[in-house]
Structures are given as C-alpha cells and as structure tokens.
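In case you want the letters, here they are:
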Amino acid sequence: MAYDSTNIFARILRGEIPCKKAFEDDHVLAFHDIHPQAPTHILVIPKGAYVSAADFGATASDAEIAAFTRAVARIAAEAGVEGSGYRLISNHGPDSHQEVPHYHVHILGGRPLGRLVTPL
Ligand code: 5GP
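All residue numbers refer to positions counted from 1 along the written sequence of the respective chain. Residue-level local features of this predicted model are given only where pLDDT is at least 70; pairs of side-chain atoms are given and counted only at 80 or more, and the full residue set underlies all totals for whole chains, interfaces and linings. To get the side-chain values, take all heavy atoms of the structure and skip hydrogens and water.

Draft legend 1. Spotlight on the overall build of the protein. We count a stretch as a helix when DSSP gives it H or I for four or more residues in a row; a strand needs E for two or more, and each element gets its number in order from the N terminus. In terms of helices and strands, the protein carries three helices and five strands. Its helices and strands in sequence order give the protein the pattern α-β-β-β-α-α-β-β, from N to C terminus. C-alpha atoms define the radius of gyration in this analysis, and the globule rule sets the expected value at 2.2 Å times the number of residues to the power 0.38. Relative to the 2.2 N^0.38 estimate, which gives 14 Å for 120 residues, the radius of gyration of the protein is 14 Å and therefore close to what a compact globule would have. Taken along the three principal axes of its C-alpha coordinates, the protein extends 35 × 35 × 30 Å. Accessible area is worked out with a 1.4 Å probe on protein chains only. A residue is then buried under 20% of its type maximum, exposed over 50%, and partly exposed in between. Of all 120 residues assigned to the protein, the portion counted as buried reaches 38%.

Draft legend 2. Representation of helix 3 (residues 62-78) within the structure. The terminal C-alpha atoms of helix 3, which comprises 17 residues, lie 24 Å apart, in line with the 24 Å expected from a rise of 1.5 Å per residue. Within helix 3, burial applies to Glu64, Ala67, Phe68, Ala71, Val72, Ile75 and Ala76. Around the axis of helix 3, the buried residues are gathered within 155° of arc, so they sit on the same side. Facing away from the buried surface of helix 3 by more than 90 degrees, the exposed residues are Asp62, Thr69 and Arg70. Next to the buried residues of helix 3 lie strand 1 (21-24), strand 2 (28-32), strand 3 (40-46), helix 2 (53-59), strand 4 (86-89) and strand 5 (105-109). To estimate the expected span of a helix, subtract one from its residue number and multiply by 1.5 Å. Throughout, the arc means the angular range of directions from the helix axis out to the C-beta atoms. Residue contacts follow a heavy-atom distance rule, with two residues in contact if any of their heavy atoms lie within 4.5 Å.

Draft legend 3. Quick peek at the site of the ligand. Any residue with at least one heavy atom within 4 Å of a molecule or strand is counted as near it. As a matter of local geometry, the ligand sits amid 16 residues, with Asp33, Asn91, Glu99, His104 and His106 nearest to it. Between the ligand and Val100 there is a distance of 2.9 Å, counted from an oxygen atom to a backbone nitrogen or oxygen. Only the protein chains shown count as cover for residues, and the accessible areas themselves come from Shrake-Rupley with a 1.4 Å probe. Taken by itself the ligand offers 520 Å² of open surface, and the protein chains cover 87% of this. Counting residues per element, the ones that place at least two in the shell around the ligand are helix 1 (8-13) and strand 2. Only Asp, Glu, Lys and Arg are considered charged, only Ala, Val, Leu, Ile, Met, Phe, Trp, Tyr, Cys and Pro nonpolar, and every remaining residue, Gly among them, polar. Its residues assigned to classes, the shell around the ligand shows seven nonpolar, seven polar and two charged. We define a polar contact as two N or O atoms separated by no more than 3.5 Å, with the added condition that, inside protein, one atom must be a possible hydrogen donor and the other a possible acceptor, whereas residues neighbouring each other in sequence contribute only through side-chain atom pairs.

Draft legend 4. Focus on the UniProt feature "domain: HIT" (unreviewed entry) in the protein. UniProt positions are given in the numbering used here, feature names are shortened, and annotations may be inferred rather than shown by experiment. Listed under "domain: HIT" (unreviewed entry) in the UniProt record, and renumbered for this structure, are residues 8-118. End C-alpha to end C-alpha, residues 8-118 measures 28 Å, and it is 27% helix and 23% strand.

Draft legend 5. Seen up close, unusual backbone geometry. Backbone geometry places His97, a non-glycine residue, at a positive phi of 65°. Tracing the backbone shows His97 in the loop between strand 4 and strand 5. Accessibility expressed as a relative area gives 67% for His97, which makes it exposed.

Draft legend 6. Up close: the nonpolar core. If you look at the biggest cluster of nonpolar residues, it comprises 18 residues, and the most contacted ones within it are Val28, Val44, Phe68, Ile75 and Ile107. Breaking this core down by element, the ones donating at least two residues are strand 2, strand 3, helix 3 and strand 5. When near neighbours in sequence (up to four residues on either side) are disregarded, Val44 contacts Val28, Leu29, Ala30, Phe68, Val72, Ile75, Tyr103, His104, Val105 and Ile107. By nonpolar core is meant a set of buried Ala, Val, Leu, Ile, Met, Phe, Trp, Tyr and Cys residues that side-chain atoms within 4.5 Å join together. Within the second largest apolar cluster, seven residues are counted, among which are Leu29, Leu43, Ile45 and Val100.

Draft legend 7. The arrangement of the sheet that holds strand 5 in detail. One open sheet holds the five strands; their spatial order is 1-2-3-5-4, and the pairing between them is antiparallel. Lying at the two open borders of the sheet, with one neighbouring strand each, are strand 1 and strand 4. In this sheet, adjacent strand axes meet at a mean angle of 20° when their direction is disregarded. Strands are labelled as partners when DSSP assigns at least two bridges between them. Examined bridge by bridge, strand 4 and strand 5 share four bridges and lie antiparallel to one another. Across the sheet, the residue bridging to Leu88 is Ile107, located in strand 5. Here, axes are lines fitted to C-alpha atoms. For helices the fit covers the stretch in contact, and angles between N-to-C directions go from 0 to 180 degrees. Running over the sheet, helix 3 touches strand 1, strand 2, strand 3, strand 4 and strand 5 and is turned about 165° from strand 3.

Right under this line is the structure:
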C-alpha cells in the first residue's frame, strides 16, 4: 500500500491541523486521541511516512525504530500509567479496523482495560 500524504496524521505532522501534543523529538510525535477510549489515550507516530507497523518494521532506519520504541515507553511513564499498567495497540489493515494509514501506536491506560479482544 502506497503512503497517502493527505492522511490526517500527515496533516497533523505538517501543522495543518492542531493536536494536543504529549511528546516530540526528531523522529517521533505523540498526541492525545481526539476520541479517547480510556483516561489515557495517546497516539505515538513516527515523523517518517510509514503506512503501518509492517511498513515501519520493514523499511524504517534503526535510529527511527529505536527512537520510536524508547519514546513509547517514556510517554507512558510520563503519562503516569507505568505503575497501573497500559496497553499498546497498533492496527494494521482492514481486519484490525485501521482508520488512519500512517503508522501509530495507541497507549491506553488509566482504568482496567478488560481482555485483549472481545470474545467471539
Ligand atoms: P486506528 O483505528 O487507525 O488505529 O486509530 C486512529 C485513531 O486516530 C482513532 O482512535 C481516532 O480517534 C484518532 N483520530 C482520528 N482523527 C484524529 C484527529 O484529527 N486528531 C486526533 N488527535 N486523533 C484522531
């Protein structure tokens, strides 16, 4: 799947639409989800143009991958959910209901989150 530079997160990265920023460095931007599903719901995105986890894992540089992984842990700690616990979700493709085709990880926490997926 080719990267679509008109996606909403690309527009946030370009500053065309606002976000409530939680973290930023050279490789990573994090901001609060517009429709939070938990008291803490932060989206972490790479600044590079990657469609999903598969694209990021296969084609991002080691520096980008290291920065991203470290940022996720740091953002969760700074959000105050390291002790109580949190869930990382990254949706890839149609079955996952990926809405925005720019790689992102959801950090969810601040309440008991239940089981991983709804049982069939
Ligand atoms: P996905 O289903 O792609 O994993 O999740 C996309 C997430 O992006 C959703 O949780 C949705 O609420 C969030 N989102 C969509 N548009 C915007 C926006 O304009 N601003 C922010 N902060 N979050 C958004």
